[in-house]
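# Residue-level structure breakdown
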Amino acid sequence: MKFSLRSVSQRGGRLATISELGRHGDKTVTTPMCLVFTQAGTIPHLTNDMVQKLGKHAYPVHLPLPLLLESHEILQKYSNGIGDFLALKHHLLYLSVQDSTIRPPEGFNEKSFVSLWGRSGRLNVDVDKFMSVQEAFKPDWYQALCDSDAGKVGSRKRAHKSVERTLAYLDRCLEKHKESEVLRHSCIFGSIEGGSVAEERELSAKETAKRPVAGFVLEGLDTNGPLDSVLPLCENGKKEIIQSILNELPDEKPRILHGPLDPANILAAVELGIDIFDSTYAFLVTERNAALTFCVSPDTESMASNVGKLQDSCNLQRNLYETSLTDKIFKDDFRPLVVGCQCYTCTNHTRAYVHHLVNVGELLGKTLLML
Amino acid sequence: MSAPVNHSALTLKVLAECSVTKARACQLSLPHSVVDTPVFMPVGTQGSLKGITPEQLENSGCQIMLGNTYHLGSNPGAELFDKVGGLHKFMGWKRNLLTDSGGFQMVSLVALSEVTEEGVRFSNPYDAKDMLLTPEKSIEIQNSIGADIIMQLDDVVSSTISGPRVEEAMGRSIRWLDRCIEAHKKTKTQNLFAIIQGGLDSRLRTICLNEMSKRNVPGFAIGGLSGGEDKNDFWKMVTLSTDFLPKHKPRYLMGVGFPVDLVVCSALGCDMFDCVYPTRTARFGTALIPTGKLDLKKKGCAEDFRPIDENCSCSTCRQFTRAYLHTIVTKETVASILLTIHNIQYQVFFCRLTVIDTCGFYLFLGTRGGNINIIIII
């Protein structure tokens, strides 16, 4: 994988192109980029033909491991890899360790294994099992096994453990990765841990940067979980932590930040130097029957002032970005969800129809909103 | 072959007739598109087919689908349909629609409903108001919804009931048919079908057939069956009806059904069918296949890397294995959508192929339907 910077802003934000994507031939992607979130291998509420309507935006797919873990043995028998199994083999497939819409319970990771929560409960995953999964799944990119449980805020001891363990897992994953014929074309990402302790964060970043990873995932920043629990980046010194991490990381490798981040947070993260996000925010908004209706102007001047406004007011109400389709006001509103939007839903359907569908609990409502 | 008969909003052209059974292949021309019969019509109760977009439905071969007047009349309501110009526009479906009268749902879903000569009185569960559904009101709502085929309000009784109530309902259905015909405002764009009642009593059915076929309606439905009655009684009433009904008008057998029933009732001369079975069973994880049913929840599917049906060309079978579907069935909404797509396409094509096969229907029973062993004594 090759990450080529095209431009870098004063504050650290970057535009880049990623090429040499292994089995995908000449295809390239540009960053900042959004991965399409999946649950148990499906994009929620969307069959593949509907996913294709997203065009090139549907290309990079995010597969969180927990709900897929139970398919490990089946995939071993299947032998064609998870892309083929899910009929997504033409997509760029990235396998993350945790599901970013969930905040896993604390205190269940041990030295030799990490806990993942599947449908039937907790599963303990050590490096051997983890790499066996990667070999069966054959993703394009994957996040190395990591311990993102940094304990209570400010707890130095636990934060240090998360850093130590994650580096140990990474080294063993890299060993196995190197020996693996099957993972020859796959890229491994290292995770930066350390909770809220600045020194641990720096240590994690410095050490991970020394390893031959394709890119970095910034973990444990409290950006995971349902929407209500994700705090803005400008609170609790998170921005500073991210800055300190990025200072230690090389410029020519991409950085991933997971979690349901709203537009203000995304813009703040991009400005700092994050390149890749996931679409869990869009998913969680859909789950509460709302449509994303915020407007970001393509005009650079007003864009800059928009960014300024968004960043300054981190206490933004949710309803500035989204509109609930359950509101009766839409009963006879025959305009598209967002006037001028070219998506399938907006070009084929009306607010009135989507309102009706969510009102009577029809699944198609969620499908149209998700798209 | 009979010459096509022209009714202002419907044309039926009989393309082929089986020399052994009463099965026939027809082309039914309706305002929005042509329909090949025998046809299976999936049910999209509330203006959508459980997660399927109109485009996906078109791709699965569906030419006509159902909406339920009772549900749609409550949400979003007739007034909205008047504003938007009908259900076709509202949901973005370019092909045909059929709406029922609302009567059946009311009687089956609403705990306290009372039938009088005037109409059906009930307490609306959505807003607890007292409502009266008359033949006139039913037609009015159906006119607003704008379906290509609309149904008369009939007095429905369960097929397991006997006694004077059956005769009362049959007589009332005839009178209500006349009121519906009178109330129907859009004869050029919407076809009003009569519904033959009479329970399991051949005498009553015959009276009803006699009377209703005197009315100039574009098509007939056979109602009051498929409600848990004995199959032997069921077939008899179906064949009695098709014997009597005019050949040049379509016959719609309401609420049928399972693949076996589709084959048999096509043989008995029915052209149109509807049932919630394929869509409902999809949501419970069951796919329809030539040998019957496939429960994707069963452990046996976990390592089965074949598609649901190797001969099926639906988008689900072209992309996915049983093993994959097993991992998501009843857990992810996409599973329900994928199985619904398969089941609809399967049932629609199954129905069509029962007769369009050039060898004829009787040979169909020997080849594709070969695992079905039915002896019908009529």
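Since the structure is predicted, the reported quantities are computational estimates derived from the model, not experimental observations.

## Re unusual backbone geometry
A cis amide bond, omega 5°, links Thr31(A) with the succeeding residue Pro32(A). Assignment of secondary structure puts Pro32(A) in the loop between strand 3 (29-31) and strand 4 (33-37). The omega angle of the peptide bond from Thr37(B) to Pro38(B) is 5°, so this bond is cis rather than trans. Relative to the helices and strands, Pro38(B) resides in the loop between strand 4 (34-37) and strand 5 (39-41). Phi angles above zero are rare outside glycine, and Ala87(A) is one such case at about 55°. The residue Ala87(A) is located in the loop between helix 3 (82-85) and strand 6 (92-96) in this model. For Ala87(A), a relative accessible area of 24% corresponds to the partly exposed category. Of note, the phi angle at Lys50(B) is positive, near 40°, even though the residue is not glycine. By the secondary structure assignment, Lys50(B) is in the loop between strand 5 and helix 1 (54-59).

## Brief notes about empty space enclosed by the protein
Throughout the structure, instances matching the rule amount to six cavities of 30 Å³ or more. Taken as a whole, the largest cavity holds about 60 Å³ of empty space. Along its surface, the largest cavity is lined by Gly41(A), Thr42(A), Ile43(A), Leu46(A), Thr47(A), Asn48(A), Leu86(A), Leu88(A), Phe320(B), Tyr324(B), Val334(B) and Leu338(B).

## Topic: the nonpolar core
Side chains of nonpolar character tend, in soluble globular proteins, to be buried together. Formed by 100 residues in total, the largest nonpolar core has its most connected members in Leu253(B) and Phe273(B). Discounting chain neighbours no more than four positions away, the residues touching Phe273(B) are Pro38(B), Val39(B), Phe40(B), Met41(B), Tyr252(B), Leu253(B), Val256(B), Leu262(B), Cys265(B), Ser266(B) and Cys351(B). Phe85(A), Val127(A), Phe320(B) and Ala323(B) belong to the second-largest nonpolar core, a separate cluster that totals 77 residues.

## Focus on the layout of surface pockets
In this approach the atoms are scanned with a rolling probe the size of a water molecule, which exposes any empty space left behind. All names here are of chain B. Size it by volume and the second largest pocket reaches roughly 950 Å³. Of all the elements in the fold, those that place two or more residues in the lining of the second largest pocket are helix 4 (103-109) and helix 8 (231-244). It is helix 4 that contributes the most residues to the lining of the second largest pocket, six residues altogether. Its residues assigned to classes, the lining of the second largest pocket shows 18 nonpolar, 18 polar and six charged.

## As for the pairing of strand 16 (residues 286-289) of chain B
All names here are of chain B. Where burial is concerned, the two faces of strand 16 agree: the one with Thr286 and Leu288 and the one with Ala287 and Ile289 are both buried. Of the pairings in the sheet, the one linking strand 16 to strand 17 (residues 292-295) comprises four bridges and is antiparallel in character. Across the sheet, Thr286 pairs through a bridge with Asp295, a residue of strand 17. Hairpin connection between strand 16 and strand 17: a loop of two residues separates the two successive antiparallel strands.

## A word on the interface of chain A and chain B
Residue-level contacts link 37 residues of chain A with 35 residues of chain B. When chain A packs against chain B, close to 3200 Å² is buried across both sides, 60% of that on carbon and sulfur atoms. Run the count over chain A and chain B and you get five salt bridges. Across the salt bridge formed by Glu55(B) and Lys53(A), the nearest N and O atoms sit 2.7 Å from each other. For the interface between chain A and chain B, the tally reads 15 residue pairs in polar contact (both at pLDDT 80 or more). Breaking the side of chain A that touches chain B down by element, the ones donating at least two residues are helix 1 (48-51), helix 2 (72-78), helix 12 (351-359) and helix 13 (363-370) of chain A. For the side of chain A that touches chain B, the element with the highest residue contribution is helix 12 of chain A, accounting for five residues. Broken down by class, the residue content of the side of chain A that touches chain B amounts to 19 nonpolar, eleven polar and seven charged.

## Examining the packing of helix 8 of chain B against helix 9 (residues 259-267) of chain B
All names here are of chain B. Running from N to C, helix 8 and helix 9 point in directions that differ by 35°, and their axes come no closer than 10 Å. The handedness of the crossing between helix 8 and helix 9 comes out as right-handed. Along its contact with helix 8, which presents Lys231, Phe234, Trp235 and Val238, the element helix 9 presents Asp261, Val264 and Cys265. Among the residues making up the contact of helix 8 with helix 9, the classes are represented as five nonpolar, no polar and two charged.

## Some points on helix 7 (residues 238-248) of chain A
For helix 7 of chain A, every residue scored as buried is listed here: Lys238(A), Ile241(A), Ile242(A), Ser244(A), Ile245(A) and Leu246(A). Residues of helix 7 of chain A that are buried make contact with strand 10 (187-192), helix 6 (198-210), strand 11 (215-218), strand 12 (255-256) and helix 8 (263-272) of chain A.

## Let's talk about the side chain of Asn343(B)
For Asn343(B), the location among the structural elements is in helix 13 (residues 333-356). The contact partners of Asn343(B), leaving out residues within four places of it in the chain, are Pro278(B), Thr281(B), Ala282(B), Thr286(B), Ala287(B) and Leu288(B).

## Re the sheet that holds strand 6 (residues 64-67) of chain B
Residue and element names in this part refer to chain B. In spatial order, the strands read 5-15-14-13-12-11-7-6; together these eight strands make up an open sheet with parallel pairing. Of all strands in the sheet, those with a lone pairing partner are strand 5 and strand 6, marking the two edges. This sheet shows a mean twist of 25° between the axes of neighbouring strands, independent of strand direction. Pairing analysis gives four bridges linking strand 6 to strand 7 (residues 96-99), with the strands arranged parallel. Looking at strand 7, one finds that Met65 is bridged to Leu97. Docked against the sheet, helix 7 (residues 202-212) engages strand 12 (191-196) and strand 13 (219-222), running at close to 155° with respect to strand 12.

## Remarks on the confidence of the model for chain A
All names here are of chain A. Mean pLDDT over chain A stands at 89; residues scoring 70 or higher make up 93%. Looking at the elements of chain A, mean pLDDT is at its lowest for helix 10 (residues 300-312), recorded as 47, and at its highest for strand 9 (residues 141-143), recorded as 97. With pLDDT under 50 throughout, residues 300-304 is counted as low confidence; its partners more than four residues away or in other chains account for four contacts. Confidence drops under pLDDT 50 across residues 306-317; counting only partners more than four residues distant or on other chains, this segment forms 16 contacts.

## So, the packing of aromatic side chains
In the structure shown here, the tally under the stated rule is 15 aromatic pairs over all chains. Ring centres of Phe37(A) and Phe283(A) lie 5.3 Å apart, and the angle between their planes is 40°; this geometry places the pair in the tilted category. Placement of the pair is Phe37(A) in strand 4 and Phe283(A) in helix 9 (residues 280-287), with a sequence separation of 246 residues. By relative accessible area, Phe37(A) is classed as buried at 1%. Seen from their ring centres, Phe85(A) and Tyr324(B) are 5.6 Å apart, and the 90° between their planes marks the pair as edge-to-face. Residue Phe85(A) is located in helix 3, and its partner Tyr324(B) is located in helix 12 (residues 322-328); the two belong to separate chains. Positioned above the aromatic ring of Phe234(B) is the side chain of Lys231(B), whose terminal nitrogen or guanidinium carbon lies 4.7 Å from the ring centre.

Procedures and definitions
Residues numbered from 1 in each chain as written. Chains lettered and ligands numbered in written order. Predicted model: local features only at pLDDT ≥ 70, side-chain atom pairs only at ≥ 80, totals over all residues. Heavy atoms only, no water. Helix = DSSP H or I, 4+ residues; strand = E, 2+ residues; numbered from the N terminus. Buried < 20%, exposed > 50% of the residue type's maximum accessible area, 1.4 Å probe, protein only. 1 Å grid on protein atoms, 1.4 Å probe; cavity = no way out; pocket = protein on both sides within 12 Å on 5 of 7 lines; lining within 4 Å. Points joined across faces, edges and corners; volume = space filled by probe spheres on them. Core = buried A, V, L, I, M, F, W, Y, C linked by side-chain atoms within 4.5 Å. Contact = heavy atoms within 4.5 Å. Nonpolar A, V, L, I, M, F, W, Y, C, P; charged D, E, K, R; others polar. Pairing = 2+ DSSP bridges. Buried area = accessible area lost by both parts, 1.4 Å probe. Salt bridge = Lys/Arg side-chain N within 4 Å of Asp/Glu carboxyl O. Polar contact = N/O pair within 3.5 Å; in protein donor to acceptor, adjacent residues only side chain to side chain. Axes fitted to C-alpha atoms, helices over the stretch in contact; angles between N-to-C directions. Left-handed = near helix turned anticlockwise from the far one by under 90°. pLDDT = per-residue confidence, 0-100. Phe/Tyr/Trp six-rings, centres within 6.5 Å; stacked < 30°, edge-to-face > 60°. Lys NZ or Arg CZ within 6 Å of the ring centre and 35° of its normal.

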